[in-house]
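Architecture and fold: a report
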Amino acid sequence: MNTAEKSLMQKLSYDPLHVIPASLPPHPRLTLTLARLERTRQQLATTDWVKLAFDRVMQRLQEGLEIPGRWTDPAKPDVDEALAYACRSAVAGALTGEQRWWDESIRVMRALAAECEGWMVAGWSGQQPGVPLHMSQLRLYAMIYDLLAARPLDPKTDANLKRVLALRAQGLESCPHRFCNNYGTWNQACRLAVGLALGDRQVIHDAFYGLERGGIWRYGFVHTLRHALLADGMHWERSPGYHYYSLMGFAEFADLAAGSGMDIWHLKLPSLTDAEGCHLHRDLGPAGDRELKWLFDAPFYQAFGNRDMPMLHDSGLSNLRGVHVWGPIYDLAYQAYRDPKYAWLIEAMEREYLERPCPGLPMPLQTKTDYYDFVRMEAATHPSGR
């Protein structure tokens, strides 16, 4: 660490913003909370798109059951498929109450823990630790453990799953993007997921405030929100694609925190013009508060009149209605803010995409994570907005 970073570390108290609760709620407390699961159970009897989403989960589970021994070969582990299957099983167990789905999820998670531990820190699927594939797998592992821990696990299984989750989280320190860029934002969200799943207040603290490990300082969420937003609300990397990838991490952080009573959606923090050790960007926003909502609002004012987006750098977002590829981020934002322009955008997406891979599902669920995102969504339709 340089002098500025050491000074920052010394100034930080444990929780200077008083955002971390004294105690955490029971499992599940991450993405799929008790309240969301209960709402979804009720919707299954009355809401077609929820029933369709759940039927797809059960169909994929049945397909998996028909291949004995799948995902347990240590020579060629397909961890993405294994984790998706384990998550579907845990979701099915949580929504139906059927023990067999809990048992199936535990079986796959035990296999992953036992057979993959030797190459865990080096990165699943041969990926560099800290890059998106690694981080998405880590977040999913934390979510699955959180669901499974809602029921009593035998002590040996519980200890082993927690130990492997903590071991896997060490890969976050290998991510070279340790300042306030888009990968760094996801790094913070995944760290929070691990801390909440394990009930580890130190890890939760590190996700918020940053940490020093091996003489290297890594920024946390607080620094990024204060430092990475420009005056117009855009992320400093400016590309709409990078902006939304960063926004996904911010939204995930806020959504995870909300399950434990931490309101990041409405948190306001004073702007930061001091680099605190590193400037990745020359442009800085003016004095004043920063808040997460800026990131959701900014693209509305970047877009042209027909909602086309400026194709800067390597952004693939050609029109604002294409934000569904990043999942239900505006659905979550609407739940938090009830902003009519978010409802307007969601309705525009639903109205204008007449052809979709899975008819009957909302556009934000036309992704590979529909099997748990459907539990996060309150509704598929919204007021017309403006």
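Small disclaimer: the values here were computed from a predicted structure and weren't measured.

Now for the overall build of the protein chain. For the protein chain, the count of helices and strands is 15 helices and 4 strands. Counting the 386 residues in the protein chain, one finds 58% classified as buried. Sequence separation of at least 24 residues holds for 73% of the intrachain contacts in the protein chain that already meet a minimum separation of 6. For the protein chain, the computed accessible surface area is about 15,900 Å², with 53% contributed by carbon and sulfur atoms.

Attention now moves to helix H14 (residues 340-352). Residues three or four positions apart in an α-helix share a direction because the helix packs 3.6 residues into each turn. For H14, with 13 residues, the first-to-last C-alpha span of 18 Å sits near the 18 Å given by 1.5 Å per residue. Within H14 the residues assigned to the buried category are Lys-341, Tyr-342, Ala-343, Leu-345, Ile-346, Glu-347, Ala-348, Met-349 and Glu-350. In this structure, the buried residues of H14 make contact with helix H12 (293-302) and helix H13 (329-337).

The amide bond that connects His-27 to the next residue, Pro-28, takes the cis arrangement and shows omega of -5°. Relative to the assigned elements, Pro-28 resides in the loop between helix H1 (3-11) and helix H2 (34-44). Positive phi values are uncommon outside glycine, yet His-18 reaches one of about 55°. Within the fold, His-18 resides in the loop between H1 and H2.

A separate point is the pattern of salt bridges. Overall, the coordinates contain 27 salt bridges when judged by the stated rule. A salt bridge links Lys-293 to Asp-339, with the nearest nitrogen and oxygen atoms 2.6 Å apart. With Lys-293 in helix H12 and Asp-339 in the loop between H13 and H14, the pair connects residues that are 46 residues apart, well separated along the chain. The two residues Lys-293 and Asp-339 agree in class, both being buried. In the salt-bridge network here, residues are joined through shared partners; they are Arg-36, Arg-139, Glu-252, Asp-255, Asp-373 and Arg-376.

What counts and what doesn't
- Residues numbered from 1 in each chain as written.
- Predicted model: local features only at pLDDT ≥ 70, side-chain atom pairs only at ≥ 80, totals over all residues.
- Heavy atoms only, no water.
- Helix = DSSP H or I, 4+ residues; strand = E, 2+ residues; numbered from the N terminus.
- Buried < 20%, exposed > 50% of the residue type's maximum accessible area, 1.4 Å probe, protein only.
- Contact = heavy atoms within 4.5 Å.
- Areas by Shrake-Rupley, 256 points an atom, 1.4 Å probe, with all protein chains shown as cover.
- Expected span 1.5 Å × (residues − 1).
- Salt bridge = Lys/Arg side-chain N within 4 Å of Asp/Glu carboxyl O.

Function cannot be read off these values alone, since they describe shape.
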